[in-house]
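The lines below spell out each chain.
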Amino acid sequence: MKRLTSLMVAGAVGAAAIWTAPNAAQTTKDTPISLRDTFQVGNNGLCEAQIVEPEAGAGLFDRRYSIICRDAAAPIGTMWVVRGSHADKPESRFGVPGATCRRAEEAAPLEGLAGAIELVCDAADSPLRSRLIVGEIGNRTYAASGFNAYASALRLGLSSLATDRVAQGSVDIPLTQATDALAFARQQAEAISADQALLEAYRRSNQGEFAEAAEFFAASAEVLSGKGAIDARLNEGLLQSNLGNYAEAERLFGLTRAEANNDPVLSRLQRNYETIHALNQGRAQTALARVNEPLANEFGDPDALRKLTIGPAIANRLEAESQSAGGTYSVTLTPLERAQLLDGQANYLRATALRLVGRTGEATQFLRAADTAMAEVRDGRVESIIWLRAQVLGELAEVAEIESRPAEAEGFHLAGIELLQGRYPESPALQSARAQLAGFYARSGRRGDALALYRGVVEDAEGRPLPALRSLMTPYFNLLLGSEQGIASDASAAADIFAASQLLQRPGLAQTQAVLARELSVGSDEAAQLFRKTINIGRAIERLRSGIAEMEPVAEMSRETAQLLAERQAQLEQLQAEQAQVLESLAQYPRYRAVTGSAIDLDQLRGILEAGEVYVKLVTLEERSFVIYATKDDALAYEAAIAPEELEEAVDRLRESIAIAEGGQVLTFPFDIERSRKLYLSLFEPVADRLSAQRHIVFEPDGAMLRLPINLLVTDDESVERYKERLAENGDDYDFTGTKWLGRGTQISTSVAATAFRDVRAAAPSDGAKSYLGLGENTPIGEGAGASRTRAALAGGEDCVWSPNIWANPIAADELYTAAERFGAGAAVVTRDEFTDSKIRSREDLADYRILHFATHGLVTAPQPECPPRPALLTSFGGEEDSDGLLSFAEIFGLRIDADLVILSACDTAGGATVGATREAGVTSGGDFALDGLVRAFVGAGGRTILASHWPVPDDYDATKRLISGLFETDGASTAGALRTSQLELMDSAETSHPFYWAAFAVVGDGTIPVRR
C-alpha cells in the first residue's frame, strides 16, 4: 500500500469558509477573551464558558456566558459583563430572586477583580445553595452566579473575563468521570443553541478535534432542518470516517445523498467527503473515480450560483472562524465562492489519489490548481481553509520527497506547520503535521530530529486520543526498535512505544471500567451510592434528550405529540435539577473531586503485575502491527510479522473454521490448525517460548484480535504434524486432542486498556452477602418448541422485530442448578415466569450477589440485515406493558449490581454495540468496538469481571454446561484458572476437542479474582 500521511486531518470546508482581514492572524490561544465565543475555564479541562444571547433589554456591548462542566447535564452557572454599576444590590440583578445571601467566609481575593463581593445564597424553594460573585472595573460590572459546589469554576471564569485572558488554576468540582472528552463535547453541544453548536462544530473540526466536532455536528443535525441539517450530517459523516468508523460514515452519507444532489454547494461537499472517505480506507482508485465523477446536477453556470442567496443560518455558520464581533470577517461569502473553494479541495484530493496510485507526475498540476483556486477567493484570505492550505503543502512535500527534492519537501512541511501553529496551536491538526515532518526526517536518516519531534507530539498530547496517529506513527516505532530484527530489548524504547500507543482510540468499555473503579474506590458507602445515582440520572437525561431531539424537528405536530414533548421537557428540567442536588452532595467527598489519571506508564504497569504474569499489548497501525511484552522484571517491544490487513484476513478465516451462522443454523467446520499455528508465530515468535511458559497472560488486543481469543492459538509445530498424520490415516478431522493450545498451559485474561486493567485490579471486591444468582430458561412461546443446538437467536422477524420462534427453545437451567448446589444456602436460581425482563429490572437484591450467571439466548445481530443491531439477552415475557421478553443493552446498563463476576453463558456476548444502541442507553461514547456490547453494559451496571463468549456457544455433548459448571468446583481458584481447568477437560475429549466447544469464553477484566471465596 502506498504511504498515506495527510488525509486524516481533513476538516470542513463547505460551510465554514469565512473571510478574514489581513491583520486577523492572531492565534486562538492569544485571542482576548472578549473576542471569543468560547474559552476554557481553568487549565484542567473540566469546564468551559460559552457565550449566549443576552437577556432582553441588555445593552449592545453587554455579554452573557454559560459555564458547562463535565458530568453536569445543564450549565452550572452564568456570567455577565454589563455596563453600569450593579454591585450595590447584586442579588436583584444576577442572583436568585427571593434568596437570602451572606458573605462567603472563605473567599480569597479574585485575580483581576480587587474588592469583589462573594456571597453564598439560600432560596426558600430550593435545597441548592448558590454562589454569587460581583465586582467592578470602571463602568463595567462583572458577575457570576451558579451552584455553590462549583465555586472554583465561577471564580476562575470571572477572573478570565476580568483579565481578558484564561485565568490559570484548577477547577475543583464533583466528578464521576462518566463523561470522557466526547461525552463532554456532547454535553456542551446540547446545552447551547443549534446555530452555536454548528459554529463550535466547524471550529473544532478545522483544528482536527474530529471526535468532539462529530458530537457537535450530530447535536446540530438533530434539531436543524433543510440544508442546515444536510450540511451538519455530511460533516458528521466525514468525521466518523476520519475516526475510522466507516460503516457509520456510509450510513450518514446515504442519508444525505439524494437531497445534496439538488444543491450546488452540498453536492460538491458530498463528492469531496465521499472521496476523503475512500482515501481514509486506503481505496485510492475508488477515490479517484469518485472525485472525477460528474455532479448529478452540474450547476456549471456561474450566473446561477451568483443568484443564490445566503440565509441567516448559513450566514451564522460562515462566522465559525471569526476573530470578533467587530468586523474582521464577512458573512457575504457567496455560494459561487464556496463552490470554488470546494473545487479547489477536489483538486487537492485528486492529486493525493494520483500520488497514491503511483501517478505522481500528474499530481503537481492539480495541487497548483488547488492553490490557485484558494488564492483567487478573497485574495486567499479565507481563514477557515488554513488547514486545507496546510494539507496542500503537506501533499507538495510528499511529491517533492518522492521526486528526491528533500530540501523542498522539508520547506513545505515547515510552512504547513507554521500555518497551523499560527491559527490552531496545540491542536490535533498541528500534531499530525508535526508527525508527518517527523516521518520525513525518519525516512531521510535524521534519526535524532525525528525522535525528538515524535516524542514532542506524544508529550504535547497529554494523554488525549489522537486517531490520526494510526497512520503516522510507524516510522517512530521503527526508529525505536532500531535493530534489524525489529526487537527493542531496551525497556526505555518499549516504554516510548507504550506511551504513544495509549493515544490510539480504545473500546468504550475501557472508560466504563474506569468509572466503575472510581465508584468502588472506597467501597460501597453512602458516597458510592450518590455516585451511582449521579451516573444513572446522567444517563436518564441523555435518553430524554435523544427522545426530545427526535420530536422537535417535526414540522406539523399533533396535539398529543406536542403534549408528550412538553412532558418530556418538564421531565428533563426536573432531572437536571435533581442531578444538581446530587452533585452538590457528592462534592462533600474529596475523593470524588479528584481527577483520576487517564494514562499509565510502562513502569507503573509492571509495578502492578505479579510474578508469573505478563501483559501483552497488540498495537495495529495503518500498515504494520507491533507488540509490547511486559513482566514485573523486564519489558520489550517488537514488530509483529503480520500487517493489520493480513490479520483481519487470518481472523476471518479462523472464525469461519469455528462457526458460521447460515440458514438459521450454526455450522462448524474442521478447525484451521495450520493457520492458528502460523498466526501464533506471526504475532508472538520473538517471545513464543517465554509467553507460553507464563502462569497468567493479560492480553490487550487491537484490530481484528478483539474478535478472537488467543487461547486457541497453537504453540508448537508437532501438534500440527500429529493432526495431519491422523488425517492421513483416515482419522476424525474434528479430533484435536493432544494439541498444545496456548490456553492449555496458561491462564488468560482480556484487557481493553492498561489503565482499565489497573483500575479493575485495584477495585474493591463485592460487598454482596450472598454468593450466587443464576438466571435463565425462559418460558417458551411460539412454534417449534424443542431442543436448541446453540444459544444463538437466529430467527429474524419482519419490520426489525424478532420472530416469536426465538422464545420457543429455552436453554435448560441445569448448569444454573448445578452451580447453585456448589454454593449452598447463599445461592438462588430464577427461571421461567420469574425470569422476565420487567422482574429483573425491578429486583432490589441484585447487588446482594457476588456472582450473576445468565444462561439464555443472546441477541447480538439484527432481525434483518437492514435493521440496526441492539444487543440483548432473551428472557420470558412478563404481564407488564413494558415487558418485551428482552433484557436490552440499555436496561442492563441501568441495573444495580455489585458483582465480582458476571457469567454470560449465551451467544457471542463479547460482541460490540452500535452507536445507536449505546445512545439509547444514555451512554455518549464508544459502541463501535468488539466488547462494547453486553460486556460493557454489565460493567456499567457494576460487574468487575465478565465471562463472555466470542461465538454461539454449543449445547452438543453438554459442552457449555460442563465448561461453566467446572468453574465452581474448587474453592479459592482464580476465574481464569478455573476456566482453564474446565477447558482442559473438553480439550482432552475427542468429541469436544474442537475449539468451537471450549475456546469461546474469555475473561474480560482481571482473571486472578477467585470464583469462590
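Residues numbered from 1 in each chain as written. Predicted model: local features only at pLDDT ≥ 70, side-chain atom pairs only at ≥ 80, totals over all residues. Heavy atoms only, no water.

### Here we look at a negative patch on the surface
Basically, it comes down to this: Note on patches: the residues involved have over 30% relative accessible area and no salt bridge, like charges join within 9 Å, and the nonpolar side chains Val, Leu, Ile, Met, Phe, Trp and Tyr join within 5 Å. Computed with a 1.4 Å probe, the accessible areas rest on the Shrake-Rupley method; for each residue, only the protein chains presented here act as cover. By convention in these notes, a salt bridge is any Lys or Arg side-chain nitrogen within 4 Å of a carboxyl oxygen on Asp or Glu. Just so you know, the count uses Lys and Arg for positive and Asp and Glu for negative, and it drops His and the chain ends. Working definition for charges: the position is that of NZ of Lys, CZ of Arg, CG of Asp or CD of Glu. The way it works is that DSSP assigns letters per residue, a run of H or I at least four long becomes a helix, a run of E at least two long becomes a strand, and they are numbered from the N terminus.
A cluster of acidic residues, Glu718, Glu721, Glu725 and Glu729, forms a negative patch on the protein surface. Among the secondary structure elements, Glu725 is positioned in helix H27 (residues 717–728).

### Focus on the sheet that holds strand E7 (residues 117–122)
Keep this limit in mind: Only strands joined by at least two bridges in the DSSP assignment are considered to pair. To obtain each axis, a line is fitted to C-alpha atoms, and for helices this fit is confined to the stretch in contact; angles are then taken between N-to-C directions over 0 to 180 degrees.
Taken in spatial order, the eight strands make up an open sheet running E2-E3-E4-E5-E9-E8-E7-E6, and their pairing is antiparallel. Two strands in the sheet have a free side with no partner beyond their single neighbour: strand E2 (38–41) and strand E6 (100–103). Across the sheet, the axes of successive neighbouring strands diverge by a mean angle of 25°, strand direction being ignored. In this sheet, strand E5 (residues 77–83) lies alongside strand E4 (residues 63–69) in antiparallel orientation, the contact comprising five bridges. What sits directly across from Arg64, in E5, is Trp80.

### Examining the state of the cysteines
Filter applied, for reference: A pair of sulfur atoms, both from cysteines and within 2.5 Å, is called a disulfide here. Working definition: with a 1.4 Å probe on protein chains only, accessible area under 20% of the residue-type maximum means buried, over 50% means exposed, and in between means partly exposed.
This structure, assessed with the given rule, holds two disulfides. Between the sulfur of Cys47 and that of Cys69 lies a disulfide, 2.0 Å long from S to S. The S-S bond linking Cys47 to Cys69 shows a torsion near 110°; that makes this disulfide right-handed. You can see Cys47 sitting in strand E3 (residues 47–52) and its partner Cys69 sitting in strand E4, a full 22 residues away along the chain. Its relative accessible area of 1% is what places Cys47 among the buried residues. Cys101 shares a disulfide with Cys121; S-S distance 2.1 Å. Between Cys101 and Cys121, the disulfide has an S-S torsion of 110° and is therefore right-handed. Of this pair, Cys101 sits in strand E6 while Cys121 sits in strand E7, placing them 20 residues apart in sequence. By relative accessible area, which is 24% here, Cys101 ends up partly exposed.

### Things to note about the sheet that holds strand E23 (residues 872–874)
Here we have three strands laid out as an open sheet, ordered E22-E23-E24, and antiparallel in their pairing. Edge positions in the sheet fall to strand E22 (858–859) and strand E24 (886–888), since each has one partner strand and no second. As judged from the two bridges shared by E22 and E23, these two strands associate in the antiparallel manner. Bridge pairing in E23 places Leu859 opposite Ala872.

In short, the description is geometric, and any link to function would need to be established separately.
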